[in-house]
Amino acid sequence: MSYLQNKAFFVTAEYILETYSLYLDNNIDPSSINGAILIAQSEQCQQLTGYTLYQKFITIINDGTITSGTNVRYKYLLDNYIVDSVSLWSVWYLLDSLALRATNKGVEQKNSQYSSPVSSSQLTKLKTAVMERAQFLDARTREYILNFPGDYPEYYQVTGVLRMTPKTNPYMNFFTTGKNINLGCNGCNYLPGVGIPLFNT
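Below: a short report on this structure.

Rules behind the numbers
- Residues numbered from 1 in each chain as written.
- Predicted model: local features only at pLDDT ≥ 70, side-chain atom pairs only at ≥ 80, totals over all residues.
- Heavy atoms only, no water.
- Helix = DSSP H or I, 4+ residues; strand = E, 2+ residues; numbered from the N terminus.
- Expected span 1.5 Å × (residues − 1).
- Buried < 20%, exposed > 50% of the residue type's maximum accessible area, 1.4 Å probe, protein only.
- Polar contact = N/O pair within 3.5 Å; in protein donor to acceptor, adjacent residues only side chain to side chain.
- Axes fitted to C-alpha atoms, helices over the stretch in contact; angles between N-to-C directions.
- Parallel < 35°, antiparallel > 145°, perpendicular 65-115°, else oblique.
- Left-handed = near helix turned anticlockwise from the far one by under 90°.
- Contact = heavy atoms within 4.5 Å.
- Nonpolar A, V, L, I, M, F, W, Y, C, P; charged D, E, K, R; others polar.

Some points on helix H5 (residues 120-147)
With 28 residues, H5 extends 40 Å from end C-alpha to end C-alpha; this agrees with the ideal 40 Å at 1.5 Å per step. Along H5, the positions that sit buried rather than exposed are Leu123, Lys127, Val130, Met131, Ala134, Gln135, Asp138, Ala139, Thr141, Arg142, Tyr144 and Ile145.

Here it is in structure tokens:
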């Protein structure tokens, strides 16, 4: 049984290395980037699109219908907005693992004979810059979806209870606001600062 059978990659490691060489060396192990991609999709992209639209993308990528004529609007959103959002969030997650790595001897700081690790303040500054660019793209993605509401009905339809609804403010970070959850009661009892479901906006 493959644990990746219910997952899909929205972007490739090769695309990230080529497009965002501003941040990453081309000798980084693609498997490390793939891990960051899956985390970025699950935590950041799912917050941006909401559970139902996120699952729509996973389904049509896995079954190969993302390129079919009926899904052209989803492919456009993916190619022109979501891919770069996920790419930048992947870089954001990857930066920590590039500085530190868990081994059988404990958590170690990476180093080499030709370079030295940056300070924690320098790393934080770099991560903040990457995060701000990712949030800008998230805002543009949400703006595009809202401009074409008929094209992405899944954005407005959260199936089931305790499912993630789209966050309404892309500039509010996951780690300070938490996950926005649909409690199955038309928005009642949502946590202040977590995000207001669309039907209250």
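Points about the side chain of Gln44
Tracing the backbone through its elements, the reader meets Gln44 in helix H2 (residues 30-49). Within the structure, Gln44 has its side chain in polar contact with the side chain of Tyr93 (distance 3.2 Å).

Focus on helix H3 (residues 51-62)
Relative to the 16 Å expected for twelve residues at 1.5 Å per residue, H3 spans 16 Å between its end C-alpha atoms, a close match to the ideal helical length. Downstream of H3 by a residue or two, Gly64 has a phi angle that is positive, lying close to 80 degrees.

Describing the packing of H2 against H3
Taken N-terminus to C-terminus, the directions of H2 and H3 make an angle of 120 degrees; their axes are 7 Å apart at the nearest point. Classified by the angle their axes make, H2 and H3 are oblique. Helix-helix and strand crossings are classified by hand; for H2 and H3 the assignment is right-handed. Seen from H2, the contacting residues are Gln41, Ser42, Cys45, Gln46 and Thr49; seen from H3, they are Tyr51, Leu53 and Tyr54. When its residues are assigned to classes, the contact of H2 with H3 shows four nonpolar, four polar and no charged.

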